[in-house]
Amino acid sequence: MEIKSYSTIKVGSEKNFGIVFSVFFALLTIYFYFKNQDFYSIIFFCISLFFLFFSFVKPSIFKIPNLVWSKLGILLGMIVSPIILFLIFILLVTPIGLFMRFIGKDLLNEKTGKKYKSYWVKRINQMNDMKDQF
């Protein structure tokens, strides 16, 4: 199944990619440091320094990882979005529809049996002018 894209998706810069991953690994460093797991904190600190250093010195080495990361994000968006929308429909819209049917509410006036030329509802109360509101 091919999905047409009506907008072009811009991939972020390699420098920003490196900085973001540097911050991520720095946060992992802090987490493992406070968990008293020095081995992991040292490893993540070195990885963080690697990303930070090369983000400023030679960000072009992050071109392929940045592209792969962006494609992964697009793929996850194509998978997760329909699942979330399905859950919203099942957990929110369906119970409201069932509740309305249970109490006998006909919001679309389908039970009248009449075929209307237009379903426009005429306003009973006239609108006031907006002059001197306050």
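Above this note sits the structure.
Described below are features of the structure shown in this document. Here the structure is a predicted model, which is why all the values come from computation and not from measurement.

**Overview of the layout of surface pockets**
By volume, the largest pocket amounts to about 300 Å³. Lining the largest pocket we find Ile96, Gly97, Leu98, Met100, Arg101, Gly104, Lys105, Asp106, Leu107, Leu108, Glu110 and Lys111. Taken together, the residues of the lining of the largest pocket break down into 5 nonpolar, 2 polar and 5 charged.

**Quick notes on unusual backbone geometry**
One non-glycine residue with positive phi stands out, namely asparagine 36, at about 60°. Locating asparagine 36 in the fold gives a position in the loop between α1 (14-34) and α2 (38-57). When its relative accessible area of 66% is taken as the criterion, asparagine 36 is described as exposed.

**So, the packing of α1 against α2**
For the pair α1 and α2, interaxial distance at closest approach is 8 Å and the crossing angle is 165°. Taken together, the axes of α1 and α2 lie roughly antiparallel to each other. The element α1 and its partner α2 pack so that their crossing is left-handed. From α1, Lys15, Phe17, Gly18, Ile19, Phe21, Ser22, Phe25, Ala26, Leu28, Thr29, Phe32 and Tyr33 reach across to α2, where they touch Asp38, Tyr40, Ser41, Phe44, Phe45, Ile47, Ser48, Phe51, Leu52, Ser55 and Phe56.

**A closer look at α2**
With 20 residues, α2 ought to run about 28 Å at 1.5 Å a step, and its terminal C-alpha atoms sit 28 Å apart, in line with that. Ser41, Phe44, Ser48, Phe51 and Ser55 are the residues of α2 that are buried. The buried side chains of α2 occupy one side of the element, clustering within an arc of 90° when seen end-on. Residues of α2 that are exposed and angled more than 90 degrees away from the buried face: Phe39, Ile42 and Val57. On its buried side, α2 packs onto α1.

Calculation criteria
Residues numbered from 1 in each chain as written. Predicted model: local features only at pLDDT ≥ 70, side-chain atom pairs only at ≥ 80, totals over all residues. Heavy atoms only, no water. 1 Å grid on protein atoms, 1.4 Å probe; cavity = no way out; pocket = protein on both sides within 12 Å on 5 of 7 lines; lining within 4 Å. Points joined across faces, edges and corners; volume = space filled by probe spheres on them. Nonpolar A, V, L, I, M, F, W, Y, C, P; charged D, E, K, R; others polar. Helix = DSSP H or I, 4+ residues; strand = E, 2+ residues; numbered from the N terminus. Buried < 20%, exposed > 50% of the residue type's maximum accessible area, 1.4 Å probe, protein only. Axes fitted to C-alpha atoms, helices over the stretch in contact; angles between N-to-C directions. Parallel < 35°, antiparallel > 145°, perpendicular 65-115°, else oblique. Left-handed = near helix turned anticlockwise from the far one by under 90°. Contact = heavy atoms within 4.5 Å. Expected span 1.5 Å × (residues − 1). Arc of directions from axis to C-beta.

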